[in-house]
Amino acid sequence: MKRGLIVAAGEGVPPALLQALADESDLVYAVDGGYRHCQAAGIAPDLLLGDMDSLGIPPEETGVPFERLPCEKDDTDALYAARRLLAQGVERITLACALGGRLDHMLGNLGVLCFLLEQGAAGRIVDSRCCAEAFAPGEHTLKKEGYNLFSLFPLEGACEGVCIQNAKYPLERYRLVMGFPIGVSNEFLLGDARVSFESGKLLAIRLKI
C-alpha cells in the first residue's frame, strides 16, 4: 500500500515523531507553513504546496519543488494535497501538525479524513498524544498501541447500531449523535477494543493521557 504524509501548519509534533512518519511514507507533502515543521525535523519534502500565506519566506528559497495555489479556492490546502496524493496512487494518508492552532483549520483537517473515507482511502491525523481515524460501517479494531483512552464521534448526522467491546464502557446497538457525546473518554482494557456500526461515518480518536 502506497503511503503519503501531509505536514500541515498547525501545532508541531516532536521532530522524532515527524521523522518516523516521513520514513514510513513514500511521498511527503508540506502544506504552506508546514514546511517549517519539516525543517525542524530535518525532512526534505517531495513537494511544498499552498497559497504560501503562512510560509514566511519565498518558496523559491526552500530549495524544494513547490506549487503555489490561489488564495481564493474551494479546497483547503490540506484537501488539495490529499487530492494530489490520491492522484499519485497513494492509498493511505497521514496528516501531521494538523491539530491545534485555528479551530476552523483543525475541523477542516478532520473533514479531510471524511473525504478520504469517501474516496476509499485510509486516513489518519497523528500527533504525540492522539491518533484520529474515520471509519465506514462495519467492524473495526482500535489497537491499544500505548493509548489508554479512545473517543467516538459521528462525522455526519448519526451513527446507527454502534457496538463497543473490550472497553470499560461497552455499547450495544447504540445510536450515536453529536448532541449527546456519550462516546467521549472510553478506556482500553488489557488489549485492543472492537467497534462496529451499521450506518454513518465514525470518527475514532485514540489518546494518551
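Parameters and conventions
- Residues numbered from 1 in each chain as written.
- Predicted model: local features only at pLDDT ≥ 70, side-chain atom pairs only at ≥ 80, totals over all residues.
- Heavy atoms only, no water.
- Salt bridge = Lys/Arg side-chain N within 4 Å of Asp/Glu carboxyl O.
- Helix = DSSP H or I, 4+ residues; strand = E, 2+ residues; numbered from the N terminus.
- Buried < 20%, exposed > 50% of the residue type's maximum accessible area, 1.4 Å probe, protein only.
- Pairing = 2+ DSSP bridges.
- Right-handed = clockwise from strand over helix to strand, strands pointing away.
- Axes fitted to C-alpha atoms, helices over the stretch in contact; angles between N-to-C directions.
- Expected span 1.5 Å × (residues − 1).
- Contact = heavy atoms within 4.5 Å.
- Parallel < 35°, antiparallel > 145°, perpendicular 65-115°, else oblique.
- Nonpolar A, V, L, I, M, F, W, Y, C, P; charged D, E, K, R; others polar.

Draft legend 1. The pattern of salt bridges, seen in detail. Applying the stated rule across the entire model yields 12 salt bridges. When the shortest N-O distance is used, the salt bridge between K201 and E156 registers 2.9 Å. Here E156 lies in the loop between β9 (149–154) and β10 (158–165) and K201 lies in the loop between β13 (193–197) and β14 (202–207), a separation of 45 residues in the sequence. On the accessibility criterion, K201 (17% relative accessible area) is buried. Taking the shortest distance from any N to any O, the salt bridge between R175 and E160 comes out at 2.7 Å. Of the two residues, R175 sits in strand β11 (residues 171–177) while E160 sits in strand β10, which places them 15 residues apart along the sequence. Taking relative accessible area as the criterion, R175 reaches 49% and is therefore assigned partly exposed. Overall, the relative accessible area of 26% leaves E160 in the partly exposed class. In the salt-bridge network here, residues are joined through shared partners; they are R92, E133, E145 and R206.

Draft legend 2. Layout of the pairing of strand β2 (residues 27–31). Within β2, five of the five residues are buried, which leaves the element mostly enclosed by the surrounding structure. With four bridges connecting them, strand β1 (residues 3–7) and β2 associate as parallel partners. The residue bridging G4 from the neighbouring strand is L27, located in β2. A crossover links β1 with its parallel partner β2, the connecting element being helix α1 (residues 15–23), and its sense is right-handed. Sheet analysis places β2 next to strand β3 (residues 47–50), joined by three bridges and oriented parallel. Across the sheet, the residue bridging to V31 is L49, located in β3.

Draft legend 3. The sheet that holds β13, seen in detail. Pairing is antiparallel across the open sheet formed by four strands, whose spatial order is β8-β13-β10-β11. The open sheet is flanked by β8 (138–142) and β11, the only strands paired with a single partner. For this sheet, the mean inter-axis angle between neighbouring strands, taken without regard to orientation, is 30 degrees. Where β8 meets β13, five bridges bridge the pair, whose relative direction is antiparallel. Paired with H140 across the two strands is V195, which belongs to β13.

Draft legend 4. Just helix α4 (residues 103–118), in detail. The end-to-end C-alpha distance of α4 is 23 Å, a good match for the 22 Å that 16 residues give at a rise of 1.5 Å each. Buried residues along α4 sit in contact with α3 (77–87), β5 (92–96), β6 (122–126), β7 (130–135) and β14. Once α4 finishes, G120 follows within two positions and takes phi at roughly 80 degrees, a positive value.

Draft legend 5. Layout of the packing of α1 against helix α2 (residues 34–41). The N-to-C vectors of α1 and α2 enclose an angle of 100 degrees; their axes lie 8 Å apart at closest approach. Judged by the angle between their axes, α1 and α2 are roughly perpendicular. Side by side, α1 and α2 meet where P15, L18 and Q19 of the first sit next to H37, C38, A40 and A41 of the second. Each residue belonging to the contact of α1 with α2 can be placed in one class, and the counts come to five nonpolar, two polar and no charged.

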